[in-house]
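Coordinate inspection notes
Single-letter residue listing:
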Amino acid sequence: GFFAAHAVWSVEDGETLVPIYAYYKDGQRHMERVEAERLEDAVRIGHEALAANTANATSAVLIYDGYLTFDGRRSDALFVELRAYGTSPVEARLAIPYQPHSDAAPFTVYKPKLIALPEDLQEQVGDFLEAFWKGVDSHEQGSKSWDAHIDQSR
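In this text the structure is predicted, and so the values were computed from the model without any measurement. (Residues numbered from 1 in each chain as written. Predicted model: local features only at pLDDT ≥ 70, side-chain atom pairs only at ≥ 80, totals over all residues. Heavy atoms only, no water.)

Some points on the overall build of the chain
Where we set the bar: Numbered from the N terminus, helices here are DSSP runs of H or I no shorter than four residues, and strands are runs of E no shorter than two. Values of the radius of gyration come from C-alpha atoms, whereas the globule rule sets the reference at 2.2 Å times the count of residues to the power 0.38. Classification of residues uses two cut-offs on accessible area relative to the type maximum, computed with a 1.4 Å probe and protein chains only: under 20% is buried, over 50% is exposed, and between them is partly exposed.
Counting its regular elements, the chain contains four helices and eight strands. For the chain, the sequential pattern of α-helices and β-strands runs α-β-β-α-β-β-β-β-β-α-α-β. Against the globule reference of 15 Å for 154 residues, the chain gives a C-alpha radius of gyration of 15 Å, in line with a compact fold. Expressed along its principal axes, the backbone C-alpha trace of the chain runs to roughly 50 × 40 × 30 Å. Burial statistics for the chain: of 154 residues in total, 41% are counted as buried.

Here's the deal with the packing of aromatic side chains
Spelled out, the test is: Planes of paired rings set the category: under 30 degrees apart is stacked, over 60 is edge-to-face and the rest tilted, where pairs are Phe, Tyr or Trp rings (Trp by its six-membered ring) whose centres lie within 6.5 Å. Criterion for a charge above a ring: Lys NZ or Arg CZ within 6 Å of the ring centre, and within 35 degrees of the ring normal.
Inspection of every chain in the model, using the stated rule, returns eight aromatic pairs. Ring geometry for Trp 133 and Trp 146: centres 5.2 Å apart, planes at 70°, overall edge-to-face. Placement of Trp 133 in helix α3 (residues 125-137) and of Trp 146 in helix α4 (residues 140-149) is noted, with a sequence separation of 13 residues between them. Using a relative accessible area of 2% as the deciding quantity, one classes Trp 146 as buried. Its guanidinium or amino end placed over the ring of Phe 2, Arg 29 lies 3.7 Å from that ring's centre, counting from NZ or CZ. Over the face of the ring belonging to Tyr 67 we find Arg 74, whose NZ or CZ atom lies 3.7 Å from the ring centre.

Remarks on the nonpolar core
For clarity, the threshold we go by: Nine residue types can take part in a nonpolar core, namely buried Ala, Val, Leu, Ile, Met, Phe, Trp, Tyr and Cys, and a core is a set of them joined through side-chain atoms within 4.5 Å.
The biggest cluster of nonpolar side chains holds 22 residues, and the ones touching the most others in it are Ile 63, Leu 78, Ile 96 and Trp 146. Secondary-structure elements contributing two or more residues to this core are α1 (2-11), β1 (20-25), β3 (59-70), β4 (73-84), β5 (90-99) and α3. Looking at which element gives the most residues to this core, the answer is α1, with seven residues. Counting residues in hydrophobic clusters, the runner-up holds 18 residues, among them Tyr 23, Leu 50, Ala 57 and Phe 79.

Quick notes on the pairing of β4
Heads up, the rule is: In this scheme, strands are said to pair when DSSP sees at least two bridges between them.
Relative to β4, β3 runs antiparallel, the two sharing twelve bridges. Bridged to Asp 65 within β4 is Leu 78. Hairpin connection, β3 to β4: the antiparallel pair is bridged by two residues, and Asp 71 has positive phi, about 50°. Where β4 meets β5, nine bridges bridge the pair, whose relative direction is antiparallel. Along β5, the bridge assignment pairs Leu 82 with Ala 92. With antiparallel pairing between neighbouring strands as the criterion, β4 and β5 make up a hairpin whose turn holds five residues, including Gly 86 at a positive phi of roughly 115°.

Observations regarding the environment of Val 125
Inclusion rule: Every residue pair with non-hydrogen atoms within 4.5 Å of one another is taken to be in contact.
Here Val 125 is to be found in helix α3. Residue class for Val 125 comes out partly exposed when judged on its relative accessible area of 25%. Between the C-alpha atoms of Val 125 and Asp 103, which are 22 residues apart in sequence, the distance is 37 Å. Not counting chain neighbours up to four residues away, the residues in contact with Val 125 comprise Leu 114 and Leu 117.

Limitation: the analysis is restricted to geometry and does not speak to function.
Here it is in structure tokens:
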């Protein structure tokens with residue numbers, strides 16, 4: 001949630017997000033921007049780092065800008081792909097739809113959509129989302145941005 005809030009704050013002014021590869025190691029947060037000439041290449045590099053656990057982390061996340069279609073609408077979205085490593089690895093994915101800031105429309109953040117959570121964790125979705133929102137709240141600027149622009153209608 002912390003890095004998702006950082007990503008929301010990063011796109012608030014209409015910029016495309018430079019993909020974020022972030023991880024927890026030795027109880028500390030670490031964040032790297034994944035840069036390449038093409039956004040698609042940066043996302044691929046981030047996916048490779050996430051899959052290979054190049055940081056030797058306990059958990060990691062890749063966040064990138066893209067598009068999500070839900071309820072028949074195409075929307076800009078921040079995709080959050082999470083990995084917990086170790087003896088019981090977990091993969092989860094969610095999207096945070098948003099309306100980018102433009103002359104025609106204000107920046108708006110919509111409710112996150114849980115896209116993938118392992119079958120055996122379906123009963124713990126509430127705990128997962130609670131931890132996510134706790135992380136969002138722990139990012140001072142990101143949580144302010146999110147709260148100022150949230151639209152819970154969709």
